[in-house]
Amino acid sequence: LDAGLSVRVIDKGGIAAGASGGVLGALAPYAPDGWNAKKSFQFEALASLEQACRRLEDASGMTTGYRQCGRLQPLASLAARERAERRTGDARANWQGRFDWEVLDRPGFAGWPPPHEAPFGVVWDTLTARVDPRRLTEVLGHIISQRSDIVLATPVAEIDPHTLSVLTLAGTRYTAGYVVIAAGAQTFPLLRPFAPGLRGHGVAGQAVLMVLSGREDLPVLYDDGIYVVPHEGGRVAVGSTVDRSAEGPVAYDPNRNDFLGRALALCPALQGAPILEGWAGLRPNCAKRRPLVGRLPDTPTIFVATGGYGISFGIGERVGAAIAEEIAGTDTLEVPESFRPQSHLSSDQRLPDDVR
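No experiment lies behind these values; they were computed from the predicted model shown.

Draft legend 1. Spotlight on the nonpolar core. Ranked by internal contacts, the top residues of the largest apolar core, which has 23 residues, are Leu27, Leu49, Tyr66, Leu75, Trp95 and Leu127. For this core, the element with the most residues is helix α1 (residues 37-60), which contributes six residues. If we skip the residues at most four places from it in the chain, Leu127 touches Leu27, Pro29, Phe43, Leu46, Ala47, Gln68, Trp95 and Phe99. Residues Trp112, Val236, Phe259 and Leu260 belong to the second largest nonpolar core, which totals 21 residues.

Draft legend 2. How the structure looks around empty space enclosed by the protein. Using the criterion set out here, one finds one cavity of 30 Å³ or more in the structure. Considering only enclosed or pocket space, the largest cavity measures out at about 30 Å³ in volume. Lining the largest cavity are Pro29, Tyr30, Trp35, Lys39, Gln42, Phe43, Trp95 and Leu127.

Draft legend 3. Representation of the pattern of salt bridges. Taken as a whole, this structure holds 18 salt bridges when the rule is applied. For the salt bridge of Arg98 with Glu44, the shortest nitrogen-to-oxygen distance reads 3.7 Å. With Arg98 in the loop between α2 (78-94) and β4 (101-104) and Glu44 in helix α1, the pair connects residues that are 54 residues apart, well separated along the chain. Where Arg235 meets Asp132, a salt bridge forms, and the shortest distance between an N and an O atom there is 3.0 Å.

Draft legend 4. Spatial organisation of the sheet that holds strand β14 (residues 226-231). Taken in spatial order, the eight strands of this open sheet run β4-β5-β3-β13-β14-β15-β12-β16, and their pairing is mixed. The two strands at the open ends of the sheet, each matched to only one other strand, are β4 and β16 (275-286). Averaged over neighbouring strand pairs, the angle between their axes works out to 20° when direction is ignored. In the sheet, strand β3 (residues 71-74) pairs with strand β5 (residues 122-125) via four bridges, with the strands oriented antiparallel. Of the residues in β5, the one forming a bridge with Gln73 is Val123.

Reading the values: rules and limits
Residues numbered from 1 in each chain as written. Predicted model: local features only at pLDDT ≥ 70, side-chain atom pairs only at ≥ 80, totals over all residues. Heavy atoms only, no water. Core = buried A, V, L, I, M, F, W, Y, C linked by side-chain atoms within 4.5 Å. Buried < 20%, exposed > 50% of the residue type's maximum accessible area, 1.4 Å probe, protein only. Helix = DSSP H or I, 4+ residues; strand = E, 2+ residues; numbered from the N terminus. Contact = heavy atoms within 4.5 Å. 1 Å grid on protein atoms, 1.4 Å probe; cavity = no way out; pocket = protein on both sides within 12 Å on 5 of 7 lines; lining within 4 Å. Points joined across faces, edges and corners; volume = space filled by probe spheres on them. Salt bridge = Lys/Arg side-chain N within 4 Å of Asp/Glu carboxyl O. Pairing = 2+ DSSP bridges. Axes fitted to C-alpha atoms, helices over the stretch in contact; angles between N-to-C directions.

Read these as layout, nothing more, since geometry by itself doesn't imply function.
Below, the structure is given as structure tokens:
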């Protein structure tokens, strides 16, 4: 829209009906060492996201729940502390002095985490932020509906690359100058007819939203795959798990993976906190485990944006801007070559900027 393009959004469900409707909202960077194009792209996306969210809030009069809150990671061993200390110089160089990565003996927030969970101190970084996924997507939906056309609860049956039209299951056909496929885990079936080599799947995960007042100003906690994320309104999100064995639709199961038990050990303040909601869903993951972004080979009017998996919210605004520029022919935002469809179609299983 900002590029002056006329846009129609067709959504299978409603606003935030898929993985975008999760509850976690952690916006955390990769480790600052082993710097590469993928980490650089994510860094620039995270660094510019606050300004983007403020623009959306000003335009809509709504809140995205964004806050640059920082993150604490407890260190459970001397080896973990030494590794974290080695990364301090990398952060200073690669984060350009704009954000900090420090190793502290104590977290500076009473009981967050408790001392016994961080016997060798904590890593404190100021780049990590959080956003409310549902509020952010609602703001985007509101702005689109005010300035363009958004079609909800309308599954897409097929995309015809020859006529450049989109056919819905209801039988309505929409034509366009360009089509961008950004349907999360459902992107891969839509790509199959004309880009069968671009493969991926949904990775199941779950999270919970709990009531815990007075913690809105605290940083994100992270340890061993578990995030504890304070949000506005006396809410704290915990998750998200990774369950690669699940296929198809998934349902919340509090007994699966014992992630609540692990979260309570990391953050005893959650003990006894009421659970507002349990969430489960599928996050899009490409076969090569890196984002898939850009113009499809041999189909110059069809673009794709998916496979962000755990970093989707952090890079989504920059990915969208890059595709809009590519359509407009300006291309000032550089997308890593490893993200490009051509790279996903290559026989190389790993590139130097793969991050696992």
